[in-house]
Amino acid sequence: MKDQNNPPCSTVIARHEAINSQLIKVMIIDDHKMFVEGIERIINESGIAQVVAKAYTVREGRLMLSGEQADVLLLDIHLPDGNGIDLCAEILTKYPNMKILALTSFSEYTVVNRMLNNGALGYLLKNAMAEEILQGIETVNMGEKFICEEVNLLLKKQSGQAVVLTGREEELLRLICEGYINIEIADKMCLGVETINSYRKNLLFKLQARNTAVLVKMAIEQKII
């Protein structure tokens, strides 16, 4: 007979049994489990905050949010079944009091801008020091914006400027426009198919394109390649 009081062992949404009401309650949605474990340890040992729940996909994040309450959500952008940019807007529609702090490896201007426009109060890169992460949590918890130094400089430097693609991104975009599929592109660029998939997603984010058709249209009309 199933125990109705406990979730199944297979669940990947982790929750803490004892929650200190004096600490900032933090949730995490990020698919890199080792990274999450490290961040969780930093937060729990800080004396200012505590991780109350964590999830590794968009689907699990939605489930987690429906059953838990928290002050701050650390949200990654690249997730296996969606993206944090769209999820950010969705979460704030349902939970307008949630303070969202992006914690990601994406540092492109358009990605940062979209995340902030969708309601994130803060933006941190994953190479941030522990002290900066904790400062970000404290700051957004008070309802104030927090942008890490590297991203802040990026925003000041690139605001209003055209998107700049790397050589690899330009090559990928050119091959996409020529009609090659991912497996063919991987062969031509001497890269794995998964790497090409990742590059393609990055391009969509960077150029704010909804799909490949829009990406190709933008590349042609704006003479990006």
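Attention in this report is confined to the structure presented alongside it. This structure is a prediction, so every number in the text was calculated from the model and none was measured. All chains use their own residue numbering, which begins from 1 and follows the written sequence. Where local features are concerned, this predicted model is filtered to residues with pLDDT of at least 70; where side-chain atom pairs are given and counted, the filter is 80 or more; whole-chain, interface and lining totals use all residues. Based on all heavy atoms of the structure, the side-chain values leave hydrogens and waters out of the count.

## Overview of helix α1 (residues 33-44)
- For α1, built from 12 residues, the straight-helix expectation of 16 Å at 1.5 Å per residue is met to within 8% by its first-to-last C-alpha distance of 16 Å.
- Turning to α1, its buried residues are Val 36, Gly 38, Ile 39, Glu 40 and Ile 43.
- Contacts are assigned to residue pairs that have any heavy atoms within 4.5 Å of one another. Secondary structure counts use DSSP, requiring at least four H or I residues in a row for a helix and at least two E residues in a row for a strand, with both numbered from the N terminus. Check the buried side of α1 and you find it contacts β2 (24-29), β3 (49-55), β4 (72-75), β7 (99-104) and α5 (130-141). The span expected for a helix works out to 1.5 Å for each residue beyond the first. Here's how the labels work: a residue is buried when its accessible area is under 20% of the maximum for its type, exposed when over 50%, partly exposed in between, all with a 1.4 Å probe on protein chains only.

## Some words on the pattern of salt bridges
- Whenever a carboxyl oxygen of Asp or Glu lies within 4 Å of a side-chain nitrogen of Lys or Arg, that contact is scored as a salt bridge. Applying the stated criterion across every chain, the model contains five salt bridges.
- As a salt-bridge pair, Asp 30 and Lys 126 come within 2.8 Å of each other at their nearest N and O atoms. Here Lys 126 lies in the loop between β8 (122-125) and α5 and Asp 30 lies in the loop between β2 and α1, a separation of 96 residues in the sequence.
- Salt bridges linked by common partners bring Asp 30, Asp 76 and Lys 126 together as one network.

## Overview of the pairing of β2
- Of all the six residues making up β2, five are buried; the element is thus mostly covered by neighbouring parts of the structure.
- By this definition, two strands are paired if DSSP reports at least two bridges between them. Taken together, the six bridges between β2 and β3 define a ladder with parallel strand orientation. Residue pairing across strands places Ile 28 opposite Lys 54, the latter belonging to β3.

## Concerning the pairing of β3
- β3 sits mainly inside the fold: seven of its seven residues count as buried.
- If the strands point away from the viewer and the path from the first strand over the helix to the second runs clockwise, then the crossover is right-handed. In terms of handedness, the path from β2 via α1 over to β3 forms a crossover that is right-handed.

## Focus: helix α7 (residues 167-177)
- When α7 is considered as a whole, its buried residues turn out to be Glu 169, Leu 172, Leu 173, Leu 175 and Ile 176. Along the axis of α7, the buried positions cluster into a sector of 165°, meaning they face one direction only.
- Remark: Gly 179 follows α7 within two positions and exhibits a positive phi of approximately 95°. Note that the arc is computed from the directions linking the helix axis to the C-beta atoms.

## Looking at unusual backbone geometry
- Phi at Cys 190 is positive, roughly 55°, even though this residue is not glycine.
- Examined against the element boundaries, Cys 190 turns out to sit in the loop between α8 (182-189) and α9 (193-207).

## A short note on the environment of Lys 54
- Summarising the element assignment, Lys 54 is placed in strand β3.
- Expressed as a C-alpha distance, the spacing of Lys 54 and Glu 40, which sit 14 residues apart in the sequence, is 9.0 Å.
- A 3.5 Å cut-off defines polar contacts: any pair of N or O atoms within that distance qualifies, except that in protein one atom must be a possible hydrogen donor and the other a possible acceptor, and neighbouring residues in sequence count only when both atoms are side-chain atoms. A distance of 2.5 Å separates the side chain of Lys 54 from the side chain of Glu 40, its partner in a polar contact.

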